[in-house]
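# Close look at the chain arrangement
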Amino acid sequence: MRQRRKREPQEGKKSARFPELSRVSYDELSASFSRVYSMSLGRARIYKDPEMYFVIGFSDDLSWKPIQDTIKNLEVSVVDLINERTVKVSLKKEQYQSFLYNLRKNHRYVKELRETALSEKLERPLIEELRDKPDQEGWFTFELSNLSGVEEPERIEKSVAEYLRSSNLGNIKRSYFSENLLILSGMLKYSAVEEIVNEIEAITKIFKMPKIELMTNELIPISLASMTPVISLSPETNQTIFPSICVIDSGINSSHKLLKEFIEDIYDYSTQDNRPCKDVDGHGSMVSGLAIYGEDLRRNKSPLAKVVMVKNFESGNIIERDLLKVIFESILRYRFSSNVFSFSFAQMDQILHLQRH
Amino acid sequence: MIFRNNLVVVSCAGNIKLPLIRDHINNGFGYPNYIGLHKVFFPGDCRNAITVGSYADRDSNLAEMSWPSPFTRSSPSLDLFKPEVMSCGGNINAVYSGGQITSFSSVGLGVRSTSNNDSDESENIGTSFCSPTVANLAALILLQYPSISPFLVKALILSSCESLRNRSRDVPEYSIQGFGKPNKTKALYSQNWRTCYLLEGEFETEDADKEHRYRFLFPDEADEFEVTLVCGKLHTMFDGEKADYVRLRITRPGIKFGTQLMPQVSLGESKCFHTYKAWKRIRRGSKGFWTVEVIPHFFSSISNQRLKYACVITVSSSRGAEVYTPIINLISPKKEEVEVMPVPQLVPSSISSTTT
């Protein structure tokens, strides 16, 4: 009788049916776990945590069902996913013995057990910055995710705040709390940050927040993870300042009652002067009205902006044929008063002319 | 030069001549199919400008309300997405005689604005009357946020856009309508249920291997997010050369969803040559800090080229839940001052009315 040969999962190659095995013995794993446990017991200076936090590295991808079952059988709760094979978990310290018992039965895919590395919580440039300037103060955010107990966030927050107050290192407060995220933020000394990170295992990540301002033209510091500004809610005050819009068109009716108060400046290319800028076509006056009132006059009659009119069209024909020259000259002339330029013309059949129907 | 001076340029898409529309329709090439044949010309085809097309705000026998006007022009290529936004530029009625169009009429269908006769208003149609309204919005944005770049102004306008839809909820082609019509309130402010994050930056040719990374909070109350990205080079204002681009990668945090594990995942990576917009509904549980990475890509190795980008990320709640306050509480360092303020005591209405 022909015997069916058993297929072994190959090294480095994903088997079709099983994840890769770890080939790390139980003795090695239990030794590293007891090391993690004893380190965790020693951390009681700021907050005595009933839970311990550590990292489990698996031999294959977490999406495998057997690996997900391993996590379930180990009876640990997942706090954070570090990468596709590594997961940060929490366990009650009193469950030390039962974890070892579970580990003996389910260690086929467990490759390593270790403490969370500092670089997994803090970005490397930030670690260097903290060590260089220990006396400096900064605004920091501490992220704690998937905490198990309901009272735990409160207890952690209280003990960290107490520690900082007693040793005069800064102040910290809860700034956001949801079902899977607690964020503590506050002003503290650089030297205190690393200590808090080492002492409180539940912290998953730390960020230094830049000073929040609305956008500047400078490059935003991005070497560190940063929060971005937010646009504000609508104010209740009425508009008193009118921004200016530069329009290149066919002139403007400067005696029109809806326009005359909102003309910032005019320039006429037919006379190369500030006068007369008269609108023969009616196109420029209409465009100016829309630029000032923002929409159809049937809907809005309260002004929102002012206009600068540069006349370069008359009776549907272009005055200065070099349109780029007109655009550039207008920019040089009005760039300090107008930030917005509106063009209502288009090139058709290689001839520039005002489009009207 | 325009963009080096931090100026916003708004241009119209241009009109299709009415005799051409008549010929197209008479030859059996009806609305809106012929619009695709007529492309945007200079200055509307400038990559960094905001190009405005026209939509109809009243019905006619050619175009329905909230659909593109019959005379608006369309995108020159898939690579260059123009016009980007639509504004009201009027509509036209076709006059038929013997089954053929003979002329057009725009009476009562145009845009009403100031005329060249004193104290009078006139009505007209054309994409010419679309660009000033968007220029007005751009000016109001710059008044509100004076230090932002033209790219961010454009990104804010595009992020506020809503797609055109007629009564039967049909959407016109995106090569004609762009991102749709801008909404003034959305472009200028965040709402309680909808909060906008702004970010902008710049890469030089030497930074080709660098990437910019940002983090933002996605609160538990929110369930939708939208990203609008605008990028462009400063040294050129014309189209024609092979464009450099940026790539955008958005990553949501790894979470535990019931008993199932969901590792940190990238929500796709997208190339942006000059404008890009995407919308996504997020299922419960994907909350926390999200990451945005912007990666440049330069075609040529000519030095001193600057590639600028601006991005607006909108986080909102479809159920109208409060999104703005949790974000502001988190990022505002002035929170302590606010908390110190005494809380006013509530007085029963009967007592307060007697005292006043």
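Residues numbered from 1 in each chain as written. Chains lettered and ligands numbered in written order. Predicted model: local features only at pLDDT ≥ 70, side-chain atom pairs only at ≥ 80, totals over all residues.

### Comments concerning the overall build of chain A
Helices and strands together make up the secondary structure of chain A, namely nine helices and 16 strands. Counting across all 357 residues of chain A, residues that qualify as buried make up 38%. Once local pairs closer than 6 in sequence are excluded, the contacts in chain A between residues at least 24 apart make up 73%. (Helix = DSSP H or I, 4+ residues; strand = E, 2+ residues; numbered from the N terminus. Buried ≥ 20, exposed ≤ 12 C-beta atoms within 10 Å, placed from the backbone. Contact = placed C-beta atoms within 7 Å.)

### Topic: the overall build of chain B
In terms of helices and strands, chain B carries eight helices and 17 strands. Taken across its 356 residues, chain B has 51% of its residues classed as buried. For chain B, contacts bridging at least 24 residues in sequence account for 74% of all contacts bridging at least 6.

### Quick look at the domain arrangement of chain A
Residues and elements named next belong to chain A. Domain boundaries assigned for chain A yield domain 1 (26-116), domain 2 (120-208) and domain 3 (244-353). Taking the mean C-alpha position of each, domain 1 and domain 2 sit 23 Å from one another. Each side of the interface is counted separately: domain 1 has 17 residues, and domain 2 has 15 residues. Taken together, the elements giving at least two residues each to the side of domain 1 that touches domain 2 come down to strand E1 (51-58), strand E2 (77-81) and strand E3 (86-92). (Domains from an automatic or database assignment.)

### Some details on the confidence of the model for chain A
Residue and element names in this part refer to chain A. Chain-level statistics for chain A give a pLDDT mean of 80 and a share of 82% at 70 or above. For chain A, per-element mean pLDDT is lowest for strand E16 (residues 351-353), which scores 39, and highest for strand E11 (residues 306-311), which scores 93. Segment residues 211-227: pLDDT under 50, and 46 contacts once partners within four positions in sequence are set aside and those in other chains are kept. Taken together, the stretch residues 349-357 has pLDDT below 50 and engages in 29 contacts with residues farther than four places along the chain or on a different chain. (pLDDT = per-residue confidence, 0-100.)

### As for the packing of helix H8 (residues 283-293) of chain A against helix H2 (residues 131-144) of chain B
At a closest axis distance of 7 Å, the pairing of H8 of chain A and H2 of chain B adopts a crossing angle of 30°. Classed by the angle they form, the pair H8 of chain A and H2 of chain B counts as roughly parallel. In the packing of H8 of chain A onto H2 of chain B, the handedness of the crossing is right-handed. When H8 of chain A is examined against H2 of chain B, the residues Val 287, Leu 290 and Ala 291 of chain A are found in contact with a partner set consisting of Pro 132, Thr 133, Ala 135 and Asn 136 of chain B. (Axes fitted to C-alpha atoms, helices over the stretch in contact; angles between N-to-C directions. Parallel < 35°, antiparallel > 145°, perpendicular 65-115°, else oblique. Left-handed = near helix turned anticlockwise from the far one by under 90°.)

### With respect to the domain arrangement of chain B
In many reports, interface size means the accessible area that the parts give up when they come together. Residues and elements named next belong to chain B. Split into domains, chain B comes out as domain 1 (10-111 + 122-186) and domain 2 (190-331). Contact residues are listed per partner, giving 17 residues for domain 1 and 21 residues for domain 2. Grouping the constituent residues of the side of domain 1 that touches domain 2 by class yields nine nonpolar, three polar and five charged. (Nonpolar A, V, L, I, M, F, W, Y, C, P; charged D, E, K, R; others polar.)

### Focus: unusual backbone geometry
All names here are of chain B. Across the junction of Tyr 31 and Pro 32, the peptide omega takes the value -5°, indicating a cis bond. Mapped onto the elements, Pro 32 comes out in the loop between helix H1 (18-26) and strand E2 (50-55). With an omega of -10°, the peptide bond running from Lys 82 to Pro 83 counts as cis. Along the chain, Pro 83 falls in the loop between E2 and strand E3 (85-88).

### Describing the sheet that holds strand E15 (residues 275-281) of chain B
Residue and element names in this part refer to chain B. With antiparallel pairing, four strands are arranged side by side in an open sheet as E8-E17-E10-E15. On the outer flanks of this sheet lie strand E8 (194-204) and E15, each paired with one strand and no other. Between one strand axis and the next, the sheet turns through 15° on average, direction left out of account. Of the strand pairs in this sheet, strand E10 (residues 224-233) and strand E17 (residues 306-316) are connected by 10 bridges, and their pairing is antiparallel. Considered in E17, the bridge of Phe 225 is made with Val 315. (Pairing = 2+ DSSP bridges.)

### A word on the packing of H2 of chain B against helix H3 (residues 150-159) of chain B
All names here are of chain B. Packing of H2 against H3 brings their axes to within 10 Å, and their N-to-C directions diverge by 115°. Crossing geometry of H2 relative to H3 is assigned as right-handed. In contact with Val 134, Leu 137, Ala 138, Ile 141 and Leu 142 of H2, H3 contributes Val 153, Leu 156 and Ile 157. When its residues are assigned to classes, the contact of H2 with H3 shows eight nonpolar, no polar and no charged.

### Some points on the pairing of strand E5 (residues 137-145) of chain A
All names here are of chain A. When E5 meets strand E7 (residues 181-189), the two strands line up antiparallel, connected through nine bridges. Across the sheet, residue Trp 139 finds its bridge partner in E7, namely Met 187. Two elements, E5 and strand E8 (residues 205-208), share four bridges in a ladder whose sense is antiparallel. What sits directly across from Glu 143, in E8, is Lys 205.

### A few points about the sheet that holds strand E6 (residues 173-178) of chain A
Residue and element names in this part refer to chain A. Within the open sheet, the four strands sit side by side as E6-E7-E5-E8. Their pairing is antiparallel. A single partner strand is all that each edge strand has here, and the edge strands are E6 and E8. Direction aside, neighbouring strands of the sheet carry axes that sit 20° apart on average. Relative to E7, E6 runs antiparallel, the two sharing five bridges. Bridge assignment links Arg 174 to a residue of E7, and that residue is Leu 184. Against the sheet, helix H6 (residues 152-166) touches E5, E6 and E7, its axis set at about 5° to E7.

### Some details on the pairing of strand E10 (residues 263-268) of chain A
Residue and element names in this part refer to chain A. Of the pairings in the sheet, the one linking E10 to E11 comprises five bridges and is parallel in character. When the bridges of E11 are listed, Asp 268 appears paired with Lys 311. Tracing the backbone out of E10, into H8 and back to the parallel element E11 gives a crossover that is left-handed. (Right-handed = clockwise from strand over helix to strand, strands pointing away.)

### Things to note about the confidence of the model for chain B
Residues and elements named next belong to chain B. Across chain B, the average pLDDT comes to 79, with 80% of residues at or above 70. Element-level pLDDT for chain B is lowest in helix H8 (residues 349-355), with a mean of 33, against a maximum mean of 94 in E3. Note on residues 334-356: pLDDT is under 50 here. Beyond four places in sequence and across chains, it has three contacts. Taken over the whole predicted complex, pTM reads 0.76, whereas the ipTM for its chain interfaces reads 0.86.

### Regarding helix H2 (residues 65-73) of chain A
All names here are of chain A. Ile 67, Thr 70 and Ile 71 are the residues of H2 that are buried. Looking straight down H2, one finds that the buried residues subtend no more than 100° of arc, so they occupy a single side. Exposed positions of H2 whose direction lies more than 90 degrees from the buried face are Lys 65, Asp 69, Lys 72 and Asn 73. Just downstream of H2, Glu 75 is the residue with a positive phi angle, here 60°. (Arc of directions from axis to C-beta.)

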